[in-house]
Amino acid sequence: MTVKQDVKQIAAFTARNIKLFFKDKGALIGALVSPLIIMTLYALFLHRVFLQSFDSMLQGITLAPKTINGLVASYEVSSVLAVCCITVAFVANMTMVADKVNGTRADITVTPVKGHVLILGYYFATAIVTLAICYIAMIAGFCYIAGMGWAMTAGEALSVIPDVFLAVLFGTALSSIVCYFLKSQGAISAVSTIVSSVYGFICGAYYPISQFSKGMANTIMCLPGTYCTGLLRTHFMGGYAELMAADGAPKAAVDGLLNGFDVKLSFFGSDVKAWVMYLVVACSVAVLIAVFVLINVLNKKRSTKV
Amino acid sequence: MIELKNVEKYFKKPVRGKGVWGMFKSLFSRKYTVVKAVDGVSFTVHDGESVGYIGANGAGKSTTIKMMSGILTPTGGEILIDGKHPYKSKERNAVLKTIGVVFGQKTQLWYDLPLTETYELLRYIYDVPDDEYKKRLNELIELLDMKSFMDAPVRTLSLGQRMRADLAAAMLHNPKTLFLDEPTIGLDVLVKRNLVDAIKKLKAEYNTTLILTTHAMSDIELLCERVIILDAGKVLFDGSLEEVKHMFGDTRDVKVTCKTVIDGESVKNHFGDAVIKHAAEDGGHSVTFTIDGTKLTTGELLNYMFANYEVADVKISETGIEQVVEKIYEKDRAQGDGTNGEGDARE
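Residues numbered from 1 in each chain as written. Chains lettered and ligands numbered in written order. Predicted model: local features only at pLDDT ≥ 70, side-chain atom pairs only at ≥ 80, totals over all residues.

Q: Looking at this model, I keep getting lost on the overall build of chain B. Mind explaining?
A: Of the regular secondary structure elements, chain B holds 12 helices and 14 strands. On the principal axes, the C-alpha backbone points of chain B span a range of 70 × 60 × 40 Å. Within the span of chain B, comprising 347 residues, buried residues form 36% of the whole. In chain B, of all internal contacts separated by at least 6 residues, the share reaching a separation of at least 24 is 70%. (Helix = DSSP H or I, 4+ residues; strand = E, 2+ residues; numbered from the N terminus. Buried ≥ 20, exposed ≤ 12 C-beta atoms within 10 Å, placed from the backbone. Contact = placed C-beta atoms within 7 Å.)

Q: What exactly am I supposed to notice about the overall build of chain A here?
A: Secondary structure assignment for chain A yields 13 helices and two strands. Taken over C-alpha atoms, the radius of gyration comes to 21 Å for chain A, in line with the 19 Å a tight globule of 306 residues would show. Seen through its principal axes, chain A has C-alpha atoms that stretch 70 × 40 × 35 Å. By the burial criterion, 43% of the 306 residues in chain A qualify as buried. (Rg over C-alpha atoms; globule rule 2.2 N^0.38 Å.)

Q: Sorry if this is basic, but what is going on with the interface of chain A and chain B here?
A: Quite often, the size of an interface is put as the accessible area lost when its parts meet. Each partner contributes residues to the interface: chain A has 18 residues there, and chain B has 20 residues. When its residues are assigned to classes, the side of chain A that touches chain B shows six nonpolar, six polar and six charged. (Nonpolar A, V, L, I, M, F, W, Y, C, P; charged D, E, K, R; others polar.)

Q: So what exactly am I meant to see when it comes to the sheet that holds strand 6 (residues 177-181) of chain B here?
A: Strand pairing in a sheet relies on backbone hydrogen bonds. The paired strands run either parallel or antiparallel. Residues and elements named next belong to chain B. Reading across from one edge, 5-6-7-3-8-9 is the order of the six strands in this open sheet, with mixed pairing throughout. Looking at the sheet topology across the chains shown, the edges are occupied by strand 5 (99-103) and strand 9 (234-240). Sheet twist, expressed as the average angle between the axes of neighbouring strands with direction ignored, equals 15°. In terms of strand pairing, strand 5 meets strand 6 through five bridges, oriented parallel. For Val102, the partnering residue across the bridge sits in strand 6 and is Leu180. (Pairing = 2+ DSSP bridges. Axes fitted to C-alpha atoms, helices over the stretch in contact; angles between N-to-C directions.)

Q: When you look at the nonpolar core in this model, what are you seeing that I'm missing?
A: The nonpolar side chains of soluble globular proteins are, as a tendency, buried together. One finds A:Leu81, A:Cys85, A:Cys134, A:Cys228 and B:Leu172 to be the most contacted residues of the largest nonpolar core, which totals 159 residues. Ranked by the residues each element gives to this core, the list is headed by helix 3 (residues 65-92) of chain A, at 18 residues. For this core, the domains that each give at least three residues are domain 1 (1-98 + 175-248 + 321-347) and domain 2 (114-171) of chain B. Non-local contacts of A:Cys134, meaning those with residues more than four positions away in its chain, are made with A:Leu81, A:Cys84, A:Cys85, A:Val88, A:Val164 and A:Val168. In terms of nonpolar packing, the next biggest core, distinct from the first, is built from 10 residues, B:Cys258, B:Ile262, B:Phe289 and B:Ile291 among them. (Core = buried A, V, L, I, M, F, W, Y, C linked by C-beta atoms within 7 Å. Domains from an automatic or database assignment.)

Q: Got a minute to help me understand the environment of A:Cys222 in this structure?
A: Tracing the backbone through its elements, the reader meets A:Cys222 in the loop between helix 9 (214-220) and helix 10 (225-237). Along the sequence, A:Cys222 and A:Phe267 sit 45 residues apart, while their C-alpha atoms lie 8.6 Å from each other.

Q: Got a minute to help me understand the pairing of strand 9 of chain B in this structure?
A: Within a regular strand, side chains alternate between the sheet's two faces. Residue and element names in this part refer to chain B. Sheet topology note: the strand 8 (residues 226-231)/strand 9 ladder contains six bridges and is antiparallel. Residue pairing for strand 9: Ile228 is matched across the bridge by Asp238. From the end of strand 8 to the start of strand 9, which pair antiparallel, there are two residues, and Ala232 there has a positive phi angle of about 50°.

Q: Could you clarify how one ought to interpret helix 3 of chain A in this entry?
A: Each α-helix winds once per 3.6 residues, and so residues spaced three or four apart point in a common direction. Residue and element names in this part refer to chain A. With 28 residues, helix 3 should cover 40 Å at 1.5 Å per step; its first-to-last C-alpha distance of 39 Å lies within 8% of that length. Most pronounced at Cys84, the bend in helix 3 amounts to some 35°. With 25 of its 28 residues buried, helix 3 lies for the most part within the structure. (Expected span 1.5 Å × (residues − 1). Bend = angle between axes of the 7 residues up to and from the residue.)

Q: Would you mind showing me how to read the confidence of the model for chain B here?
A: Do not read the fine detail of predicted coordinates wherever pLDDT is low. Residues and elements named next belong to chain B. For chain B, mean pLDDT is 84; residues scoring 70 or higher make up 90% of the total. Throughout residues 338-347 the model reports pLDDT below 50, and contacts reaching past four residues in sequence, or to other chains, amount to 27 contacts. Model confidence for the complex: the whole-complex pTM is 0.77, and ipTM, which rates the interface, is 0.73. (pLDDT = per-residue confidence, 0-100.)

Q: Would you mind going over the environment of B:Ala307 with me for this structure?
A: Mapped onto the secondary structure, B:Ala307 falls in helix 11 (residues 298-308). Given 8 C-beta atoms within 10 Å, B:Ala307 falls into the exposed group.

Q: Can you walk me through helix 2 (residues 61-68) of chain B in this structure?
A: Residues and elements named next belong to chain B. The buried fraction of helix 2 amounts to eight of the eight residues, a majority that puts the element mostly inside the structure. Residues of helix 2 that are buried include every one of Lys61, Ser62, Thr63, Thr64, Ile65, Lys66, Met67 and Met68, and no others. Two residues or fewer after helix 2 comes Gly70, characterised by a positive phi angle close to 80°.

Q: Could you clarify how one ought to interpret the packing of helix 3 of chain A against helix 7 (residues 154-180) of chain A in this entry?
A: Angle between the axes and distance between the axes: these two values describe a pair of packed helices. All names here are of chain A. Put simply, helix 3 and helix 7 touch, their axes get as near as 8 Å, and they point 40° apart. The orientation of helix 3 relative to helix 7 falls into the category oblique. By crossing handedness, the relation of helix 3 to helix 7 is classed as right-handed. Contacts from Leu81, Ala82, Cys85, Ile86, Ala89 and Phe90 in helix 3 reach Val164, Ala167, Val168, Gly171, Thr172, Leu174, Ser175 and Cys179 in helix 7. Partitioned by chemical class, the residues of the contact of helix 3 with helix 7 number 11 nonpolar, three polar and no charged. (Parallel < 35°, antiparallel > 145°, perpendicular 65-115°, else oblique. Left-handed = near helix turned anticlockwise from the far one by under 90°.)

Q: Honestly, the domain arrangement of chain B in this entry has me stumped. Any pointers?
A: Residues and elements named next belong to chain B. You can read the domains of chain B as domain 1 (1-98 + 175-248 + 321-347), domain 2 (114-171) and domain 3 (250-318). Contacts between the two partners involve 12 residues from domain 1, matched on the other side by 10 residues from domain 2. Sort the elements by how many residues they give to the side of domain 1 that touches domain 2 and helix 7 (residues 189-206) lands first, with six residues. Of the residues that constitute the side of domain 1 that touches domain 2, the class distribution is nine nonpolar, one polar and two charged.

Q: What am I meant to see in the packing of helix 2 (residues 25-58) of chain A against helix 12 (residues 251-260) of chain A here?
A: Residue and element names in this part refer to chain A. Where helix 2 contacts helix 12, the two axes come as close as 9 Å, and the packing angle between them is 140°. As the angle between them shows, helix 2 and helix 12 are arranged oblique. Seen along the crossing, helix 2 lies across helix 12 with a hand that is right-handed. In this structure, helix 2 contributes Phe54, Met57 and Leu58 to the contact, and helix 12 contributes Ala253, Gly256, Leu257 and Gly260.

Q: Honestly, unusual backbone geometry in this entry has me stumped. Any pointers?
A: Note on backbone geometry: most residues besides glycine have negative phi, and most peptide bonds are trans. All names here are of chain B. A positive phi angle, close to 50°, is found at Asp145, a residue other than glycine. By secondary structure assignment, the location of Asp145 is in the loop between helix 5 (130-143) and helix 6 (159-171). According to the C-beta neighbour criterion, Asp145 is exposed, with 12 such atoms within 10 Å.

Q: Would you explain the pairing of strand 11 (residues 275-281) of chain B in this entry?
A: All names here are of chain B. Two strands pair when backbone bridges link them, and strand 11 and strand 12 (residues 286-292) are joined in this way by six bridges, in the antiparallel orientation. Counted as the bridge partner of Lys277 is Thr290 from strand 12. Turn length for the strand 11-strand 12 hairpin, with the two strands adjacent in sequence and antiparallel, is four residues, and the turn residue Asp282 shows positive phi of about 50°.

Q: Whenever I open this one, the environment of B:Val35 confuses me. Can you help?
A: Residue and element names in this part refer to chain B. By the secondary structure assignment, Val35 is in strand 2 (residues 31-45). When the 19 C-beta atoms within 10 Å are taken as the criterion, Val35 is described as partly exposed. A C-alpha to C-alpha distance of 5.5 Å links Val35 and Tyr10, two positions 25 residues apart in sequence.

The structure is reproduced here in structure tokens:
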């Protein structure tokens, strides 16, 4: 009975937070447009640089333009999606920060709402908004890849859906913990800018992890965000191995290229399988949500301490 | 039933150093001042009672309301609402389901969403069954005349509309007890009157226990039969409205208008200290006598006036609770600087 009531209350709070987010046209447009802008910037300014980089790794082997363009486009889209799952979550978390700033979160304490209900309402609302926007970005990404050179199998394309789902849950949990302590709109803008730049590097979205030194690469591999990027890379770019082989690229060159661009992640010399990556991300999400709820509970206890 | 037993609430306020050096120093060694907001308050409110909880700014009224509604935890003493502690996490939700709170200077409505959205959410929070919710919401819309702005976002409502909406939000789950913390603050006379009438109707309809804090004594006179006066965190008086008036001076103003000029001084001399003061208007044709009701009746004064003057008009007004409280505050100001709490700096 209580669980049923809790679920109803969480659903009502989630709906309220989503409505508030969609009422804020500026935040909505900003969140929606930012992945598309980053994707356009990648396509316009970095596509050629990535092409040269990929070419240099192939050591004289020439691939069909569709293959290499599609591979680079897939790399770009997976990078954009890996970062957006965090940046969009920060923007979507504005509702939680605004509620703290205008005192709504304190006012709600006169009602019989349990702390975890309130906090999960924020979490699910942020996750739903972020998911909606990231899936739109994913569709735009698929269109871009299709235009440049498609190589994904239906299974791989479908696998991207749970990849984005998990990455969003992870990004939402991480951003929620950070945003919980923020007390102004300015702080959230500053923190989201810092986090999105730093996160892009440490999750391997801006620069392949395999290109770092071994020690640094292994350190970064200890961070769960890396596995979100790893999953996206695996499913977006894995299909190109066959296409490159068909274009006459030797297996060693294909493997070298895919390893060099994190399609196959390795941790202390061992390959990390996709199911391991799913497991790491899922466990991280569970831990981060538990931390988020715990922070709220401890903070509430502290504020009402005798 | 609400029981407060020797309730205390102390706040620890950091004392910031002056200037840059002071700020820097306070990073390493901070001094605190302990402010006693509520200092040993005890009272009992029975079901269905209407209690006016009054006092000067900083007397501890809102702090007590916040403790009774579970927002703050008392430093000492005990608060029981129907035998449960509102500030204990295991009992809190059970208590909060039976109370409603309206803070005049805050709102529990969502600013950017229409009222219906807030009410819908409150329905889930308080677990109000669908049929009961619809019935009750319709009753409240009717009673508080809210039909015209139900679908408007809260930020577009006037203060009077918002207060009515807040009152409806607090009453939606049919609470046994309603705490009203300065509900008429900032409202004009007409809107205030309408809101007070609505509260009266709600109370009559649902027999809700009412605890009202306000600076508008007319609200207390209209809504409450019992008054608790708080001063510097301590209960100064707890009794009926009539008692408070009597205790702090049963004075009344009698305004007499005559065709001839009234010699106020001779009237005062005749009755001695039973006439506290007199003020002449209209060139001495009208004089307002403030009399001590315990020493002189209005009839005795009027008999004298009718016997000595050609009385054209008489107006009698009893001293309002407003003046009574004003007296208490004046007394308080005369004793000290009127501030509450005792500060005691500690490292």
